[in-house]
Amino acid sequence: MARTYDALIVGGGHNGLTCGAYLSKAGLKTLVLERRHLVGGAAVTEEFSPGFRASTFSFIMGHLHPKVIAELELEKFGLHRLEVPEVIYPLYDDDCIVFTKDPKKNREQVARFSKKDAEVYPQFFEYLSGSINLLRQLQLETPFDPTRRDLKSLMKAAGFVWRFRNVGRDLYRVIDSLSMSAYDYVSQWFESDVVKATFLYWATIGGNVGPYSPGTAFYLVAHLIGQTGMSFSRGGMGQISESIAASGKRYGMEIEVSSAVHEILVRNGRAVGVRLESGEEIHGKLVASNVNAKTTFGGLVNKDDLPDEFLRDIRSFRAKGSSFKINCAVDALPQYKGFSEEKTGVSYPAYAHIAPTSEYLERAYDEAKYGWYSSKPFLSPIVPSYFDDTLAPAGKHVVTLYGGVTPYELKGASWDDERDNLVQNAMDVMDEFAPGFSASVLDMQLLLPPDIERIIGMPGGNTQGGDLTLDQMFFMRPAPGYADYRSPVRALYQCGASTHPGGSVSAVCGHNAAREILKDWPKLRR
């Protein structure tokens, strides 16, 4: 006889674990099924070289939502935040700019390049704060369907309008960010290209077009909405997933790894369970998929159980990534040209962004437009082991290089033949700004978009779970009419990063999905 649960969660990424933990906390008998040998999805810590452990995919804790941390009591289950006190931007001419938590020192840094920019620097952040606060509120909203005219839908829309009745000009500012290029957005405020480039870097993370392209200003704003601050999780990003899992287990949540789901079972228009690749069937009163919508509805659910229009929308959902990551085991810290403790007042910058000019960032995308990878990629060298001694042997370090741009597919070539050449390009950039870095590398792990797709089942290797563009956000994500974490199949829900509000390790998708499931639970439990 098949095992039976109240809720089955397909995929043990951090959002699936979050959804399961909330459901278990509410009293539902919940089982999380994970294809890999460990839970976490993109939020995992793994040994990539003997003695060296890295956050394999994601790397920063700043977006993990405080509400989830508090409600699931994650700090009781091993979550420990390590603050990143500064970010360095190495520049040409043996110079650098360093930003810290001290606004006065930041203005002094900016003033080195433009006194005018230093004067407007606080005003820019005040201007940004309205957009950031609005997006933070929208994170926890369940998108409604603006096309529906039944009473329930109209009440949802009216409630949304009422809650946001006082947004004022902040709404226009968000609309500006959705339509403007990041370059035009920051150029309204700053004259120095060095200062512009420091902000434009945030507009490139997870995106597929350069900062001169319309709509990229939104990426800049979206990457600043995290409320946990620039920080690492002690033990790596995997500790976030493990703390969520431990919190859920306290309430009875069960987790099974190495349990790949082959099919989500649907009978008479309702999800009734899953069939594993082993052939075992497990039944549930509801199923929530943490797996990307393209995989959930493009493979796990029989297409005959889905409307044709919905399938067309899911197939057109864009989810090809263009970012790469190199996890490096090193025997020495990167030493950046132009940096000194005497000049900056900073002991060591463990977080860096290398893209010294606006044009540098834009050109990094140019070759990708034609199916190739960047000859001079932008890079984020990060040294979590500087703060966290659990990641590397004494006297050695882990340096992760997040960068771009690497298209999912190459034109006229194979990644099998070009991997080493991309690595060499990245090492050349590092050696230019941190001389001798490549000689310090003992071992490394390269992750390209196809690797990310293969290892954790993220279609296209898109780190955001799908492009964050106007046509793929809020009530359009992942498909019109089904952005409320539900689906065309009754009792089948979505809780992964292809839902609102998208990628980053925030746990918001799982939190919001659980809230909607619990609203429906009285009817589903019958």
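What counts as what
- Residues numbered from 1 in each chain as written.
- Predicted model: local features only at pLDDT ≥ 70, side-chain atom pairs only at ≥ 80, totals over all residues.
- Heavy atoms only, no water.
- Helix = DSSP H or I, 4+ residues; strand = E, 2+ residues; numbered from the N terminus.
- Buried < 20%, exposed > 50% of the residue type's maximum accessible area, 1.4 Å probe, protein only.
- Polar contact = N/O pair within 3.5 Å; in protein donor to acceptor, adjacent residues only side chain to side chain.
- Salt bridge = Lys/Arg side-chain N within 4 Å of Asp/Glu carboxyl O.
- Core = buried A, V, L, I, M, F, W, Y, C linked by side-chain atoms within 4.5 Å.
- Contact = heavy atoms within 4.5 Å.
- Expected span 1.5 Å × (residues − 1).
- Phe/Tyr/Trp six-rings, centres within 6.5 Å; stacked < 30°, edge-to-face > 60°.
- Lys NZ or Arg CZ within 6 Å of the ring centre and 35° of its normal.

1. Points about the side chain of Asn 106
- Tracing the sequence through the fold places Asn 106 in helix α3 (residues 103-111).
- The class for Asn 106 is buried, based on a relative accessible area of 6%.
- In this structure the side chain of Asn 106 is engaged in a polar contact, spanning 2.8 Å, whose partner is the backbone nitrogen of Thr 100.

2. Here's the deal with the pattern of salt bridges
- All chains considered together, the criterion is met by 28 salt bridges.
- Two residues, Arg 112 and Asp 95, come together in a salt bridge whose shortest N-O distance is 2.6 Å. Of the two residues, Arg 112 is situated in the loop between α3 and α4 (115-139) and Asp 95 in strand β7 (residues 95-100); the sequence distance between them amounts to 17 residues.
- Residues participating in the shared-partner salt-bridge network are Asp 484, Arg 486, Arg 515, Glu 516, Lys 519 and Asp 520.

3. Examining the nonpolar core
- The biggest cluster of nonpolar side chains holds 92 residues, and the ones touching the most others in it are Tyr 185, Phe 190, Cys 328, Tyr 351, Phe 378 and Phe 437.
- Not counting the four nearest positions on each side in its chain, Phe 190 is found in contact with Asp 117, Val 120, Tyr 121, Phe 124, Val 195, Lys 196 and Phe 199.
- Counting 36 residues, the second-largest nonpolar core is a separate cluster that includes Ile 9, Leu 74, Leu 79 and Ile 244.

4. Looking at helix α14 (residues 358-369)
- The terminal C-alpha atoms of α14, which comprises 12 residues, lie 17 Å apart, in line with the 16 Å expected from a rise of 1.5 Å per residue.
- Taken together, the buried positions of α14 are Ser 358, Tyr 360, Leu 361, Glu 362, Ala 364, Tyr 365 and Ala 368.
- If you follow the buried residues of α14, they end up packed against α7 (182-187), α8 (193-200), β14 (378-382), β15 (397-404) and α15 (415-433).
- Phi turns positive one or two residues past the end of α14, at Gly 371, with a value near 85°.

5. Topic: the packing of aromatic side chains
- Applying the stated criterion across every chain yields a total of 28 aromatic pairs.
- With 6.2 Å between their ring centres and 5° between their planes, Phe 99 and Tyr 121 make a pair best called stacked. With Phe 99 in strand β7 and Tyr 121 in helix α4, this pair connects stretches of sequence that are 22 residues apart.
- With 4.9 Å between their ring centres and 70° between their planes, Phe 124 and Phe 199 make a pair best called edge-to-face. On the criterion of sequence distance, the pair formed by Phe 124 in helix α4 and Phe 199 in helix α8 is long-range, its members being 75 residues apart.
- Cluster of aromatic residues (ring-pair linked, three or more members): Tyr 89, Phe 99, Tyr 121, Phe 124, Phe 125, Tyr 127, Tyr 185, Trp 189, Phe 190 and Phe 199.
- In this arrangement the basic side chain of Lys 29 is found over the ring face of Tyr 5, its NZ or CZ atom lying 4.8 Å from the centre.

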